[in-house]
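Reading the structure
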Amino acid sequence: MPRRVDSQCKTFQRAIDILSSRWNALILNVLQEGPLRFSELAERAKGPGDKVLSARLKELEARGLLVRSVEPGPPVRVSYALTRSGREFGELAHAIERWGRELVQAK
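Note that the coordinates shown come from a computational prediction; the quantities given were computed from them, not determined experimentally.

Before going further, it helps to spend a moment on the overall build of the protein. Within the protein, the regular secondary structure consists of six helices and three strands. Along its sequence from the N terminus, the protein presents helices and strands in the succession α-α-β-α-α-β-β-α-α. C-alpha atoms of the protein, sized along the principal axes, occupy 55 × 30 × 20 Å. Per-residue burial over the protein gives 26% buried out of 107 residues. Across the protein, the fraction of contacts at a sequence separation of at least 24, relative to all contacts at a separation of at least 6, is 47%. Working note: accessible area of the protein is about 8,000 Å², and carbon and sulfur atoms make up 53% of it.

Attention shifts here to the environment of G64. Tracing the chain through its elements places G64 in the loop between α4 (50–62) and β2 (66–71). G64 gets classed as partly exposed once you look at its relative accessible area, which sits at 33%. Placed 18 residues apart in sequence, G64 and L82 show a C-alpha to C-alpha distance of 8.7 Å.

To continue, consider the nonpolar core. In this structure, I27, L31, L41, L57, L60 and L66 are the most contacted members of the largest nonpolar core, which totals 18 residues. Among the elements of the structure, α2 (24–30), α3 (38–45), α4, β3 (77–82) and α6 (89–105) are those that each provide at least two residues to this core. Those residues within four positions of L31 in sequence are excluded, and the remaining contacts are L36, L41, L66, Y80 and L82.

So, on to the packing of α3 against α4. Between α3 and α4, the least distance of the axes is 11 Å, while the angle of their chain directions is 110°. Between α3 and α4, the angle is such that the two are roughly perpendicular. Contacts between α3 and α4 involve F38, L41 and A42 from the first element and D50, L53, S54 and L57 from the second. For the contact of α3 with α4, the class distribution of residues is five nonpolar, one polar and one charged.

Now for the pattern of salt bridges. One side chain can pair with another of opposite charge once the charged atoms of both are near each other. Scanning the model with the defined rule gives five salt bridges in all. For R56, the salt bridge goes to E59, with nearest N and O atoms at 3.5 Å. With R56 and E59 both in helix α4 and three residues apart, the pair spans about one turn of that helix. In this structure R56 comes out as partly exposed when scored by relative accessible area, which is 22%. Among the charged side chains, a network of salt bridges with common partners joins R56, E59 and R63.

On to the sheet that holds β3. Read from one edge of the open sheet, three strands run β1-β3-β2, paired in antiparallel fashion. What marks the edges here is a single partner per strand, and that holds for β1 (36–37) and β2. Direction of pairing for β2 relative to β3: antiparallel, over a ladder of six bridges. The partner of V67 across the bridge, within β3, is A81.

Conventions adopted
- Residues numbered from 1 in each chain as written.
- Predicted model: local features only at pLDDT ≥ 70, side-chain atom pairs only at ≥ 80, totals over all residues.
- Heavy atoms only, no water.
- Helix = DSSP H or I, 4+ residues; strand = E, 2+ residues; numbered from the N terminus.
- Buried < 20%, exposed > 50% of the residue type's maximum accessible area, 1.4 Å probe, protein only.
- Contact = heavy atoms within 4.5 Å.
- Areas by Shrake-Rupley, 256 points an atom, 1.4 Å probe, with all protein chains shown as cover.
- Core = buried A, V, L, I, M, F, W, Y, C linked by side-chain atoms within 4.5 Å.
- Axes fitted to C-alpha atoms, helices over the stretch in contact; angles between N-to-C directions.
- Parallel < 35°, antiparallel > 145°, perpendicular 65-115°, else oblique.
- Nonpolar A, V, L, I, M, F, W, Y, C, P; charged D, E, K, R; others polar.
- Salt bridge = Lys/Arg side-chain N within 4 Å of Asp/Glu carboxyl O.
- Pairing = 2+ DSSP bridges.

In structure tokens, the structure reads:
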């Protein structure tokens, strides 16, 4: 029998806080394919406006889930890539998708 998850645990709550911020899961999922520039990310995310996307990227960077790389120019090129922790979201995304399918089928 699997070990029960302590939903009061600080680490569990931190993960839920990250995922509960609107657009964070979408951004982490889009970046699973590899590094993207801001405009590419905005196009693939199809949802958050530039201001919100920028704020979410800063939040995810501060939490250690992605890195922002600046290539000197001209033009200056900025890209975003997942860290190891950010890439691990991919496994969680698959589990959430499976669970979602079960919920839809149960209706």
